[in-house]
Amino acid sequence: MPAAERCERDAHIAEHVRSLSCWRDAQVLFCYLSMGSEPETRSLIESAWREGKCVLLPRVVPDSPVLAWHRVDDFSRLALSSFGMYEPVLGVHPIFPPSTVMELERAVAIVPGIAFDRRGFRLGYGGGYYDRFLAAFHGTSIGICFSDSVRDDLGSDECLDSWDRAVDILVTDEGVVR
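As the structure is a prediction and not an experimental result, all values here were calculated from the model.

**Looking at the sheet that holds strand E7 (residues 115-117)**
Overall, mixed pairing links the three strands, which are arranged E8-E7-E10 in an open sheet. Whereas interior strands pair on both sides, the edge strands pair on one side only; in this sheet they are strand E8 (122-123) and strand E10 (150-151).

Spelled out as structure tokens, the structure:
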């Protein structure tokens, strides 16, 4: 995708997310720093900071199937992980207690995916981290992707497992899909 088109599509996704009432009401944003061909998330994170939201970024816990969520107030002092994504540094960014994470209702989680279907199911990267997170998350989950990454039904492509969790809302550069 040409850089100018990519920037425009990224901006549309961010605009659509910020227009959601769940975004406006949220006090906490769970997000990730995008990599590769994923829609850019930095503008959403920066918007959350400007709006006074608590921003939490994930760190993969070594030898564990879970994500640790850390409060991050800027993009400095992040480290490149073995997965190729920037993460909070243990001991630098405070960990948000897991029990608190799951009790939050006025929270929004931006969820990554290679592709999504119209029901909100996602094709992830195979670790199951976000499915475990979503199984216990009480806030609103929002999947973001480019419109050409939306499929009718990933289940019919035999891409889904019994533990897969759908997001509550799917947003693309063309608008809210579900």
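**Regarding the sheet that holds strand E11 (residues 169-172)**
Strands sit in the order E3-E2-E1-E6-E9-E11-E12 across an open sheet of seven strands; the sheet is mixed. Lying at the two open borders of the sheet, with one neighbouring strand each, are strand E3 (67-71) and strand E12 (175-176). As defined by bridge partners, strand E9 (residues 140-144) adjoins E11 across three bridges and the pair is classed as parallel. Bridge assignment links Gly 143 to a residue of E11, and that residue is Leu 170. Running at roughly 145° to E11, helix H1 (residues 3-18) makes contact with strand E6 (107-111), E9, E11 and E12 of the sheet.

**Quick notes on the pattern of salt bridges**
Inspection of every chain in the model, using the stated rule, returns 11 salt bridges. Of the charged contacts, one joins Arg 118 and Asp 152 as a salt bridge, the two residues approaching to 3.3 Å between their closest N and O atoms. With Arg 118 in the loop between E7 and E8 and Asp 152 in the loop between E10 and E11, this pair connects stretches of sequence that are 34 residues apart. Exposure remark for Arg 118: the relative accessible area of 45% places this residue in the partly exposed category. Linking Asp 153 and Arg 119 is a salt bridge whose minimum nitrogen-to-oxygen distance equals 2.8 Å. Residue Asp 153 is found in the loop between E10 and E11, and its partner Arg 119 is found in the loop between E7 and E8; the two are separated by 34 residues along the sequence.

**Focus on the packing of H1 against helix H3 (residues 42-50)**
Viewed as axis vectors pointing N to C, H1 and H3 meet at an angle of 35°, and their least axial separation amounts to 9 Å. Between H1 and H3 lies a crossing of right-handed hand. Residues Ala 14, Val 17 and Arg 18 of H1 lie in contact with H3, whose contacting residues are Ser 43, Leu 44 and Ser 47. In the contact of H1 with H3, the residues fall into three nonpolar, two polar and one charged.

**Quick look at the nonpolar core**
Grouped together as the largest cluster of nonpolar side chains are 48 residues, with contacts concentrated most on Val 17, Leu 29, Phe 30, Ile 110 and Ile 142. Setting aside residues no more than four positions away along its own chain, Val 17 makes contact with Trp 23, Leu 44, Ile 110, Ile 142, Ile 144 and Val 171.

**Re the packing of aromatic side chains**
Throughout the structure, instances matching the rule amount to eight aromatic pairs. Considering the side-chain rings of Phe 30 and Trp 69, the 5.0 Å spacing of their centres and the 85° angle between planes classify their relative orientation as edge-to-face. Separated by 39 residues along the polypeptide, Phe 30 in strand E1 (residues 28-30) and Trp 69 in strand E3 bring together distant segments of the chain. Look at Trp 69 and Phe 133: their rings are 5.0 Å apart centre to centre, the planes differ by 45°, and that puts the pair in the tilted class. One end of the pair, Trp 69, is in strand E3; the other, Phe 133, is in helix H5 (residues 129-136), with 64 residues separating them in the sequence. Among the residues examined, Trp 69 registers a relative accessible area of 4% and is labelled buried.

Analysis parameters
Residues numbered from 1 in each chain as written. Predicted model: local features only at pLDDT ≥ 70, side-chain atom pairs only at ≥ 80, totals over all residues. Heavy atoms only, no water. Pairing = 2+ DSSP bridges. Helix = DSSP H or I, 4+ residues; strand = E, 2+ residues; numbered from the N terminus. Contact = heavy atoms within 4.5 Å. Axes fitted to C-alpha atoms, helices over the stretch in contact; angles between N-to-C directions. Salt bridge = Lys/Arg side-chain N within 4 Å of Asp/Glu carboxyl O. Buried < 20%, exposed > 50% of the residue type's maximum accessible area, 1.4 Å probe, protein only. Left-handed = near helix turned anticlockwise from the far one by under 90°. Nonpolar A, V, L, I, M, F, W, Y, C, P; charged D, E, K, R; others polar. Core = buried A, V, L, I, M, F, W, Y, C linked by side-chain atoms within 4.5 Å. Phe/Tyr/Trp six-rings, centres within 6.5 Å; stacked < 30°, edge-to-face > 60°.

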